[in-house]
Amino acid sequence: MKETFLISIIMLVGLRCISQQSAEHFSSAAPNDSRYELLQATGEYGSLFTVMLDKFKERVFRLVKRDTGDFFWEQMIVAEHPDDVQTDQVVNYQIFFSAHGILSTFLVNVNTGATWHLAKDNTYGLWWATIE
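Residues numbered from 1 in each chain as written. Predicted model: local features only at pLDDT ≥ 70, side-chain atom pairs only at ≥ 80, totals over all residues. Heavy atoms only, no water.

Enquirer: Outline the pattern of salt bridges, listing residues and values.
Expert: Under the criterion given, the structure shown has 2 salt bridges. Asp54 is paired through a salt bridge with Arg35; the nearest N and O atoms lie 3.0 Å apart. Taken together, the residues span a long stretch of sequence, with Asp54 in strand 3 (residues 50-54) and Arg35 in the loop between strand 1 (25-27) and strand 2 (36-41) at a distance of 19 residues. A residue is classified by how much of its surface remains accessible, and Asp54, at 0% relative accessible area, is buried. Take Arg35: its relative accessible area is 28%, and that puts it in the partly exposed class. (Salt bridge = Lys/Arg side-chain N within 4 Å of Asp/Glu carboxyl O. Helix = DSSP H or I, 4+ residues; strand = E, 2+ residues; numbered from the N terminus. Buried < 20%, exposed > 50% of the residue type's maximum accessible area, 1.4 Å probe, protein only.)

Enquirer: Provide a residue-level description of the packing of aromatic side chains, including the pertinent values.
Expert: For the structure shown, the criterion picks out 4 aromatic pairs. Taking the centre distance of 6.1 Å and the plane angle of 55° together, the rings of Tyr93 and Trp116 count as tilted. Pair noted here: Tyr93 is in strand 6 (residues 93-97) and Trp116 is in strand 8 (residues 115-121), with a separation of 23 residues, a long-range link. Under the relative-accessibility criterion, Tyr93 is labelled buried at 1%. Given a relative accessible area of 0%, Trp116 falls into the buried group. Residues Tyr124 and Trp127 carry aromatic rings whose centres are separated by 5.5 Å and whose planes lie at 55° to one another, so their mutual orientation is tilted. (Phe/Tyr/Trp six-rings, centres within 6.5 Å; stacked < 30°, edge-to-face > 60°.)

Enquirer: Summarise the pairing of strand 4 (residues 59-65); cite the residues concerned and give the values.
Expert: The pairing of strand 3 with strand 4 spans 4 bridges and is antiparallel. What sits directly across from Leu53, in strand 4, is Val60. Counted along the chain from strand 3 to the antiparallel partner strand 4, the turn is 4 residues long. One ladder, built from 5 bridges, connects strand 4 with strand 5 (residues 71-75); its direction is antiparallel. Bridge pairing links Arg62 to Glu74 in strand 5. The turn linking strand 4 back onto strand 5 is made up of 5 residues, and Gly69 within it adopts a positive phi angle of 100°. (Pairing = 2+ DSSP bridges.)

Enquirer: Can you explain the nonpolar core? Please cite residues and give values.
Expert: Core analysis: the biggest nonpolar cluster contains 18 residues, and Phe49, Val60, Met76, Ile95, Leu107 and Trp128 have the highest contact counts within it. Elements with a contribution of two residues or more to this core: strand 2, strand 3, strand 6, strand 8 and strand 9 (125-131). Per-element tally for this core: the top contributor is strand 6, with 3 residues. Ignoring sequence-local partners within four residues, the contact set of Trp128 consists of Val60, Met76, Ile77, Val78, Ala79, Ile95, Thr105, Phe106, Leu107, Trp116, His117 and Leu118. (Core = buried A, V, L, I, M, F, W, Y, C linked by side-chain atoms within 4.5 Å. Contact = heavy atoms within 4.5 Å.)

And the structure:
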């Protein structure tokens, strides 16, 4: 009886730990109509990829750590998209983190469907490339 009880507890704790590891991103509990939202991807970049999204404008800022240990917000490059139209003073943008890794992260204009994917290259580092 005691062995069955102990095995049940170990299995429950083990399953809980596994389920906690499956989370792919974290976001602040910002209201749906708020202008800014903080998001953090887990996985290959982990907490090294924390972004602040301006949901009204086409602006994404990446949290960067200086050699001195200080942090600052670096604006990321977002390529021009032919279908991108902004409506003033409303939420226009959302970021989606895929379970397939950080480079399967998408920025979307929720009103027009204009979409970008997170890309990486030697010139720009991480930036938002157009999907047409």
